[in-house]
Amino acid sequence: MAQFHFVEDYEAYVRKLLKDMPRKQAMEEAIGGAFDHVGEIEAQLLGYAGLKDGMYLVDLGCGSGRAASALGKRFEIDYLGLDVVQDLLDYASEISPPNYRFQLNHALTLPVADASVDMFCCFSVFTHLLHSETYLYLEEMARALTPDGRIVFSFLEFLQPGHWAVFNGTVEGQRTSQVPHLNMFIERGAIEAWCKRLGLEIVRFVDGTDGSPWGGAPLGQSIAILALGEKRKARPFSPAEHDRLRAQLATKTQAIESMATELDLARAEIDVLKQSRSWRVTAPLRALRRVLG
Ligand SMILES: C[S@@+](CC[C@H](N)C(=O)[O-])C[C@H]1O[C@@H](n2cnc3c(N)ncnc32)[C@H](O)[C@@H]1O
C-alpha cells in the first residue's frame, strides 16, 4: 500500500486508462483532457504571472506534460516537472523540450534548494489534496522561492457557480456508495489565512471565468498568484554570502582583540607614570585617562 492517498489514487487511475485505451488518449485523459487548449491557457497565464526566458519554473503535479509542451513553444526556461506517476512523467518528457527535467516525487517535501525557484505552478493538483497537504507544499514553495518569485496555483471554490458541478458529482458518488475521487474546494479566506502564517502575500486572484488578464480563454478553475511577503524577502543569505559575512566578522573580532591588548598595555604604562608627581606628567595623564575611560 502506498504511503499517500494521492499516489495510490493516481497510479490506479492511470493503470486503468492505459488498459482501456491507446497510450496517447490515456495520457491526455489522465490529466483531464483538452490537452492543447488547456496547455495553451496555462502557458499564457504563467506569462501573465511574470514567467520570462531564463527563469527556473517548477511544475508540481505536471502530469503528462500539458503545460510543459505548451511552455516549450513560448519560453526558453529551466523547467522541472514533479509528479507521483512515472508513466505520466515518461510521456511528458517525450513531448517536451530536451532540457526539461521530470522527476518522480512521492513526498510532501520538494526536491529543490532554498531560494532557488523563480516560479512554481500547480494546476488541478490542490483540488485533489487534503488541506494539510496543500499547506505543506505551500510551505515548501515559500522556502524554495527566490525573493521576487511567484507561486501560481488553481483551485475550486463554492462561490463560483461553474465549480458546483464538481462538488455535485462528488456528492452523487457518496450517495450511491461509490468512493469518489477526492475533490477539495479551497475558499479564498483559507488561502489568505495560510499566506499569513507562511509569510506569503496574495498578488491577485483570478476568477475561473476570466481570461482577460492574459487576453485569452479562461482556465475554468480559479487562480491564486502568491509572492513572498516583505519580511520573508529579507530572510535569505546564500551560502556564499554567509561565508563572506563570517570571514568579515572574524577579521573584525581579531582587530578588536588586538586593540584590547594595546589598551591593556597603555593602562599599565599609565599606572607606572601615575607614580610620578611632576605636573608635566600628571596633566597629560589626566587627559589620557578621560579618553581611555
Ligand atoms: C488533474 S492532473 C493535472 C496535471 C497538470 N498539472 C495539468 O494541468 O495538465 C493532476 C496531476 O497531479 C498529480 N499529483 C497528484 N498528487 C500529487 C502530489 N502530491 N505531488 C505531485 N503530483 C501529484 C497527478 O498524478 C496528476 O498528474
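Residues numbered from 1 in each chain as written. Predicted model: local features only at pLDDT ≥ 70, side-chain atom pairs only at ≥ 80, totals over all residues.

Thoughts on the overall build of the protein
- Each helix and strand in the protein was counted, giving eleven helices and seven strands.
- The C-alpha radius of gyration of the protein comes to 30 Å, more than 25% above the 19 Å expected for a compact globule of 293 residues.
- With the principal axes as the frame, the protein shows a C-alpha extent of 110 × 45 × 40 Å.
- Out of the 293 residues belonging to the protein, those deemed buried represent 32%.
- Intrachain contacts of the protein at a sequence separation of at least 6 include 69% that bridge at least 24 residues. (Helix = DSSP H or I, 4+ residues; strand = E, 2+ residues; numbered from the N terminus. Rg over C-alpha atoms; globule rule 2.2 N^0.38 Å. Buried ≥ 20, exposed ≤ 12 C-beta atoms within 10 Å, placed from the backbone. Contact = placed C-beta atoms within 7 Å.)

Thoughts on the site of the ligand
- Around the ligand there are 20 residues in total, and F6, G61, G63, R66 and F123 lie nearest to it.
- Those elements giving two or more residues to the shell around the ligand turn out to be α1 (5–20), α4 (66–74) and β2 (78–83).
- Along the lines of polarity and charge, the residues of the shell around the ligand split into twelve nonpolar, six polar and two charged. (Near = placed C-beta within 6 Å. Nonpolar A, V, L, I, M, F, W, Y, C, P; charged D, E, K, R; others polar.)

What about the nonpolar core?
- By size, the foremost hydrophobic cluster in this structure holds 68 residues, and its most contacted members are M119, F120, C121 and V152.
- Apart from residues lying up to four places away in sequence, V152 is in contact with L45, L46, A49, M119, F120, C121, I223 and I225. (Core = buried A, V, L, I, M, F, W, Y, C linked by C-beta atoms within 7 Å.)

A few points about the domain arrangement of the protein
- Along its sequence, the protein is carved into domain 1 (5–236) and domain 2 (240–292).
- Taking the mean C-alpha position of each, domain 1 and domain 2 sit 62 Å from one another. (Domains from an automatic or database assignment.)

Side note on the sheet that holds strand β5 (residues 145–155)
- Spatially, seven strands are ordered β3-β2-β1-β4-β5-β7-β6 in an open sheet, and the strand pairing comes out mixed. Only two strands of the sheet have a single neighbouring strand rather than two, namely β3 (101–104) and β6 (200–206). Here the average twist between neighbouring strands, direction ignored, is 20°.
- Alignment of strand β4 (residues 117–122) against β5, held across five bridges, turns out to be parallel. (Pairing = 2+ DSSP bridges. Axes fitted to C-alpha atoms, helices over the stretch in contact; angles between N-to-C directions.)

Things to note about helix α3 (residues 35–48)
- With 14 residues, α3 should reach 20 Å at 1.5 Å per residue; the first-to-last C-alpha distance of 20 Å fits that figure.
- Of all 14 residues in α3, ten are buried; the element is thus mostly enclosed.
- In this fold, the buried residues of α3 make contact with α2 (23–30), α4, β4, β5 and β7 (222–228).
- G50 occupies a position one or two residues after α3 and carries a positive phi of about 120°. (Expected span 1.5 Å × (residues − 1).)

Describing α1
- Taking 1.5 Å as the rise per residue, α1 with 16 residues should run 22 Å; its terminal C-alpha atoms sit 23 Å apart, in good agreement.
- Those residues of α1 that sit buried are F6, Y10 and V14. Projected down its long axis, α1 shows its buried positions confined to an angular sector of 45°, all on one face. In α1, those exposed residues whose orientation departs by more than 90 degrees from the buried face are A12, K16, K19 and D20.
- Against α2 and α5 (86–94) lie the buried residues of α1. (Arc of directions from axis to C-beta.)

Re the pairing of β7
- Most of β7 is tucked away, with seven of its seven residues classed as buried.
- Of the two faces of β7, both are covered, the one formed by S222, A224, L226 and L228 as well as the one formed by I223, I225 and A227.
- Bridge count for β5 against β7 is five bridges, and the pairing is antiparallel. For F155, the partnering residue across the bridge sits in β7 and is S222.

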